[in-house]
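Topology and contacts: notes
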Amino acid sequence: MSSYPPPAYGYPGYPPPGQPPVGYYQYPPYPPPPGQAPAGYSPYYGAPPPAGVPSGIPAPYPPSAPYHPYYGAPTVPPVPAPEPESKKEEDHDGTEKDSKVTLPTPSSDAKTGSKPMVSYLGTLVVDPTSPAAKPGARKVPGYDPKPHYDKLMDEDTSALEMARIILIMTLAQRDAFKDYFTETSGHQIVDILGGRNKQRALDGILLGPLDYDVVLARNLFGKGEMLLIELTLHRPSSELRILSEGYKNMFGDDLAEDILTDDNLSVRVRRLCAKVIQVERPPDHTPINSSLVSQDVESLAKAETQGDDKPYFEIFVQRSYPHIAAVIAEFESKHKKKLKKAVKKTLGTEDGLATAITYMIQGLKPKSKAQNNDGSVWRDAKLLEATMKGWGTRDGDLIYRLTRASWNPHRFHAIKEAYLKKYDKSLARRIKGDTSGEYRDILIMILHSG
């Protein structure tokens, strides 16, 4: 077994961190009327937590496991490898009743005196504008990355053992490990990623939520437009600012500009995804203007008869998410048809624009079968199934969708429940039946780590 990470094959250099983004803030909770969203409106993926949730960690779903580990949390015994399937009995959501997986318990990152944290994908990550640790500095109090570095670089360490080591590290410890790796080896982690499926799965969990998204955004070639859609659409402006800052710090480039100039993407999709990054969307607490909602509904109805895409760019980029949810509800009530059907007729299928708009509609429209009527978890459960449906497994899509979903354990639990309701089979059983070897075992460990 070769040492981790594998031999380098090339990303651009890693420039020094930039300055903190100007005016960064967290949106306040969405208030009651006036301006209330339609009944059953579900917050978007990564929406700010409700008031009273400690440490800024969203908890929209009943927890099935402790919070995901984060900055400053204590280390715990290693996550055990999956046992033979004959020794396990699955619960309704696909987790094992006799599982010995132990997750770190949360502590207050804001009081560690270490790097500042920001909310991203439902967990806390190190602010991308923070400078790297000084050589020899103890970045996370009580954590020494050297033992983990020595073990991960050992040629005798299996991929499964590597996954155990990474998954018991908190996100802040993984960030400290990356700095230590650079200091010790002279390389950046992102410069030496890649390999077979199990290696790619290890890369994702080691990078953590933000750096993993940054690397995915840098390497869109050959992965289709759906990855870009998932990275940029139906997300709060605060997270898109963090993603852009992380991208600039890692590669020295502007994310929106790189998207706009990527000739491998269709013109309309790159325009849409770049615009949502560049435009500051109104916060969710902005009162809903019922007159503007009706005006937008009529604009979409008129666009259907004319094949005009301009209203979609205006509404789905510039309006708040509760406003868009109100537009969806009023359009379907008034015109007696689903908006996504009108989208397909208006925008056509020659590129991915209709898919992008439909992705947002599915996330904003309530779904009674999902927890909290959250349409986005139902949508994401279907996207996970799409990676394994038909002949062959789309491993790259499965890896990034499973890994990105795992960062927020409460939402991930809801996705697994939605998957079970939709397909009458647990996500764990589905993955076990479609993958094999250490690659399968690593995916199952990621599944249970969330």
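The structure displayed is predicted, hence computed values, not measured ones.

1. Concerning a positive patch on the surface
- A surface patch of like charges, here positive, comprises Lys338, Lys340, Lys341, Lys367, Lys369, Lys382, Lys389 and Lys422.
- With respect to the secondary-structure elements, lysine 367 resides in the loop between helix H13 (353-364) and helix H14 (375-386).

2. Details of the confidence of the model for the chain
- Looking at the chain as a whole, the pLDDT averages 80, with 74% of positions reaching at least 70.
- Contacts from residues 1-36, a stretch scored under 50 in pLDDT, to residues over four places away or in other chains number 98 contacts.
- Scored below 50 in pLDDT, residues 49-89 shows 123 contacts in the model against residues more than four places distant or in partner chains.

3. A word on the packing of aromatic side chains
- Summed over all chains, the structure comprises six aromatic pairs.
- Between tyrosine 312 and phenylalanine 316, the aromatic rings sit 6.0 Å apart at their centres with planes inclined by 20 degrees, giving stacked as the arrangement. One end of the pair is tyrosine 312 and the other is phenylalanine 316, both in helix H10 (residues 310-318) and four residues apart, which spans about a single turn.
- The class of phenylalanine 316 is buried, set by a relative accessible area of 1%.
- Put simply, the rings of Tyr149, Phe177, Tyr180 and Phe181 touch in pairs and so form one group of aromatic residues.
- For the cation-ring pair, arginine 281 lies above tyrosine 321, with the distance from its terminal atom to the ring centre recorded as 4.3 Å.
- Across from the ring centre of tyrosine 359, 3.9 Å away, lies the NZ or CZ of arginine 379, which sits over that ring.

What counts, and at which threshold
- Residues numbered from 1 in each chain as written.
- Predicted model: local features only at pLDDT ≥ 70, side-chain atom pairs only at ≥ 80, totals over all residues.
- Heavy atoms only, no water.
- Patch = residues over 30% accessible without salt bridge, like charges linked within 9 Å, V, L, I, M, F, W, Y side chains within 5 Å.
- Areas by Shrake-Rupley, 256 points an atom, 1.4 Å probe, with all protein chains shown as cover.
- Salt bridge = Lys/Arg side-chain N within 4 Å of Asp/Glu carboxyl O.
- Lys, Arg positive; Asp, Glu negative; His and termini not counted.
- Charge placed at Lys NZ, Arg CZ, Asp CG, Glu CD.
- Helix = DSSP H or I, 4+ residues; strand = E, 2+ residues; numbered from the N terminus.
- pLDDT = per-residue confidence, 0-100.
- Contact = heavy atoms within 4.5 Å.
- Phe/Tyr/Trp six-rings, centres within 6.5 Å; stacked < 30°, edge-to-face > 60°.
- Buried < 20%, exposed > 50% of the residue type's maximum accessible area, 1.4 Å probe, protein only.
- Lys NZ or Arg CZ within 6 Å of the ring centre and 35° of its normal.

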